[in-house]
Amino acid sequence: MKKIVAAAVLGLAMGVSGLAFAEPVKIGLITTTSGGGAGLGVDVRDAFQLAIKQSGNAEITVIVEDDGQKPELAVQIADKMVQSDQVDLMTGIIWSNLAMAVVPSVTAQDIIYLSPNAGPSPLAGAGCSPNYFNVAYQNDNFHEAMGQYANGEYKKVFIMAPNYPAGTDSLTGFKRYYKGELAGEVYTQLGQTDYAAEIAQIRASGADGVFVFLPGGMGIAFTKQYAQSGVGIPLMGPAFSFSQDVLGAIGDAALGVKNSASWSNDLDNPANKAFVESFKAAYGRLPSVYAAQAFDTANLILSAVGKASVKDKDAFRAALKAADFASVRGKFKFNTNQHPIQDIYVREVVKVGDVLTNKIIGTAFTDHGDAYAKDCKM
Amino acid sequence: MQTALFIEQLLNGLQLGVMLFLMAAGLTLIFGVMGLINLTHGSLYMVGAFACAAVAAWTGSFWLGLIASLAAAAAAGAVVELLVIRRLYGRDHLDQVLATFALILVFSEGTRWLFGSFPLYLDIPPLLSGAVSLPGGAQYPLYRLAIIAVGVLVAVGLWLLISRTRLGMRIRAGESDREMIGALGVDVATLYTLVFALGAALAGLAGAMVGAIQSVQVGMGEPVLILAFVVIVIGGIGSIKGALVGALLVGLVDTMGRFLLPQAFGLVMNASQAGLVGGAIASMLIYLLMAVILAVRPRGLFAAQG
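Remember, predicted model here, so these are calculated numbers, not experimental data. Counting restarts for each chain, with residues numbered from 1 along the sequence as it is written. A letter from A marks each chain and a number from 1 marks each ligand, given out in the order of writing. Since the coordinates come from a predicted model, pLDDT governs what is reported: local features require at least 70, and pairs of side-chain atoms require 80 or more to be given and counted, while whole-chain, interface and lining totals use all residues.

Next up on the list: the interface of chain A and chain B. Taken together, the contacts link 33 residues of chain A with 43 residues of chain B. The way it works is that DSSP assigns letters per residue, a run of H or I at least four long becomes a helix, a run of E at least two long becomes a strand, and they are numbered from the N terminus. Mapped by element, the contributors of at least two residues to the side of chain A that touches chain B are α2 (38-55), β7 (181-188), α8 (196-205), α9 (217-229) and α10 (244-250) of chain A. With 7 residues, the single largest contributor to the side of chain A that touches chain B is α9(A). Counted by class, the side of chain A that touches chain B contains 12 nonpolar, 17 polar and 4 charged residues. Contact criterion: two residues are in contact if their C-beta atoms, reconstructed from the backbone, are within 7 Å. Nonpolar residues are Ala, Val, Leu, Ile, Met, Phe, Trp, Tyr, Cys and Pro. Charged residues are Asp, Glu, Lys and Arg, and all others, Gly as well, are polar.

It is worth spelling out the pairing of strand β1 (residues 25-31) of chain A at this point. Residue and element names in this part refer to chain A. In terms of burial, β1 is largely enclosed, as 6 of its 7 residues are buried. Strand pairing is defined by DSSP finding a minimum of two bridges between the two strands. Sheet analysis places β1 next to strand β2 (residues 60-66), joined by 7 bridges and oriented parallel. Residue pairing in the sheet places Leu-29 in a bridge with Val-64 of β2. Strand direction decides the pairing type here: β1 and strand β3 (residues 89-91), joined by 3 bridges, are parallel. Counted as the bridge partner of Leu-29 is Thr-91 from β3. Exposure in this text rests on C-beta crowding, where 20 or more other C-beta atoms within 10 Å of a residue's own make it buried, 12 or fewer make it exposed, and counts in between make it partly exposed. The C-beta atoms are placed from the backbone.

Another aspect to go through is the domain arrangement of chain A. Residues and elements named next belong to chain A. For every domain, the bounds stem from an assignment made automatically or drawn from a database. Taken as a whole, chain A is organised into domain 1 (2-137 + 266-334) and domain 2 (141-261 + 344-375). Placing a centre on the C-alpha atoms of domain 1 and another on those of domain 2 gives a separation of 27 Å. Tallying the contact residues gives 17 residues for domain 1 and 20 residues for domain 2. Listing elements by their share of the side of domain 1 that touches domain 2, those giving two or more residues are α2 and α5 (121-124).

It is worth spelling out the confidence of the model for chain A at this point. Here chain A averages 90 in pLDDT, and 94% of its residues register 70 or above. pLDDT measures the predictor's confidence residue by residue and takes values from 0 up to 100. Low confidence marks residues 14-19 of chain A, where pLDDT is under 50. Its contacts with residues over four positions away, or in another chain, come to 14 contacts.

Taken as a whole, chain B shows an average pLDDT of 89; of its residues, 98% reach a score of 70 or greater. Two numbers describe this predicted complex: its pTM, 0.82, and its ipTM, 0.78.

We now examine α2(A). All names here are of chain A. Each residue after the first adds 1.5 Å to the expected span of a helix. Over its 18 residues, α2 runs 26 Å from end to end, which matches the ideal 26 Å to within 8%, given 1.5 Å per residue. Here α2 lies mainly inside the structure; 16 of its 18 residues are buried. Backbone geometry just after α2 places Gly-56 at a positive phi near 70 degrees.

Residues and elements named next belong to chain A. Read across the open sheet, the 5 strands follow the order β2-β1-β3-β4-β5; overall the sheet is parallel. Because the sheet does not close on itself, it has two edges, and the strands there are β2 and β5 (132-134). When strand polarity is set aside, the average angle formed by the axes of neighbouring strands in this sheet is 20 degrees. Helix axes use the C-alpha atoms of the stretch in contact, all axes being lines fitted to C-alpha atoms, and the angles between their N-to-C directions lie in the range 0 to 180 degrees. Strands β1, β3, β4 (112-115) and β5 of the sheet are contacted by helix α4 (residues 96-108), whose axis makes an angle of about 150 degrees with β4.

The subject of this paragraph is helix α2 (residues 41-59) of chain B. For α2(B), spanning 19 residues, the distance from its first C-alpha to its last is 27 Å, which sits close to the expected 27 Å at 1.5 Å a residue. With 15 of 19 residues buried, α2(B) lies mostly within the body of the structure.

The next thing to look at is unusual backbone geometry. All names here are of chain A. You will see that Gln-69, though not glycine, has its phi angle at about 60 degrees, which is positive. At Asp-367, a position not held by glycine, the phi torsion is positive, near 50 degrees. Examined against the element boundaries, Asp-367 turns out to sit in strand β13 (residues 355-368).

Moving on to the environment of B:Gly168. All names here are of chain B. Mapped onto the elements of the fold, Gly-168 is located in helix α6 (residues 166-176). Distance in space between the C-alpha atoms of Gly-168 and Val-195 is 9.9 Å, their sequence separation being 27 residues. Not counting residues up to four positions away in its chain, the partners in contact with Gly-168 are Leu-161, Ile-162 and Ser-163.

Right, dumping it as structure tokens:
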């Protein structure tokens, strides 16, 4: 039955986007498919290509390039895509520092950029651009949601993040909504893999909750060491450290951790059911939140391609801004700064069969925008 | 400040130091004997961790994984030595850096090709998963104590190997005059392959043991490689004793810095700023230590002869 529903939804989506402007559209996708951060980029690439393939639109070509998580390389690739490949649209970047290096110069050349993940605050506030659409989140959002959630659960929270811009933004975002007392606030080294010293401090701090933002390998290392230490104070964080791409590597140590995201595998809507099923069928694994965001990005583009010519920038931007597509997040619309207004959920890591995954246990925010939209003059 | 927390942090520093020693020992041995700067050492650490994770997942036994990590890293080391490194001994350090850097890329992408882009799962063995009580009441993970014990055993073993065995004698001879031992009939080529494999096995062992408490992923070796270089520069390049002292120094200074500096700054500014400033300075501390030691003893604490 599920399969039939999925097929029907897909068919419908194809029907809508397959019409109208049958013109070639070239999309440049710069993402990280090598090195330590490759898991995230691979999910973005795979989900994006899946959506394009499902649309059946043969006029769309996607050029994929690997940035190796290096800003200078991303800038070179972007130049090449703009100048020699002459792409119409760009997308794909995972990391905020790479986005800051690429996006402002690309949008200044009147190329439309759609972010499937990074959402640095400068691009949401004073540095916003009519050519920049963020389909994922503003960086602070997930942290704010955890701060909001902690209000109802804990009195004294210990907070920790790496010492780099996204890390300080994270703790700022958490504190923007968290009203209780802080048991401690620690900045670790970026890329740190041994957290024994910090865990000892958490143990001694008298906290009743622990909030950490440690993306990638840092989160895997911390969560394992934290579980092994037997401290046992409840752990929470944004989805980045507890997403599908790393849960397998953390193992049972992640069970019970609360984390915030705009999406989850078990989110109950037809578009999401079809997405999770087809992603599993195509790649043999569960999608992560990065995959969901990339899938939405591709479908947003497809919805606009169905309505306007990509050569007519004004009309195409208006078509994008309408966000007239079936988001796997259920509902989705753009704020004045072209960042999402969406619900943010609290999820818990659970075991389904022998696979670790996330389950929604509550909603932290309904129709949540970001704190920077008011600074955006567009 | 509670004594228990202080003791726990001292042990943490010791454990980090011991782990760095396993990496630095191989690196310094290879440099001391063959005069080779080996950037691939971090990749061998990664090979050890992946071998352990793969075999542990396949057989369900961490111990078999540990043996596999030693074997895989030693084998990878020997193969790399025979195919590539062997041609680099006579060249200058820049060529060595270039070639071994290329090997890092080959190892990283090769590992990704074999195991995929997503980090692997590796947990500590059930036998070592508990915690023990420290004087003062704190609990300390048994596994970390085991890492310290293994490090001490390796240090003693290396010392015995180098000072008491025929192989050790040849290694020492090779350090001081490689032409002469060749002329005396020692098979220098085999000796070098053996030393390289030994260093690789130590890196693999470190990777497997640390992989169980950190994350087993592509690129995990490079941050450790940088620390290992700091260790051998502080200790004196080519000296095993220097590597041991340097590793413990770096481990303790780094851990205690991360622990004490934010608290010290907390006395004069608010907690949030103290965390930022203290954390930033703590992450520079080992490099400051290196600078000071190099200013006083330009060749490191225990510079090798020659």
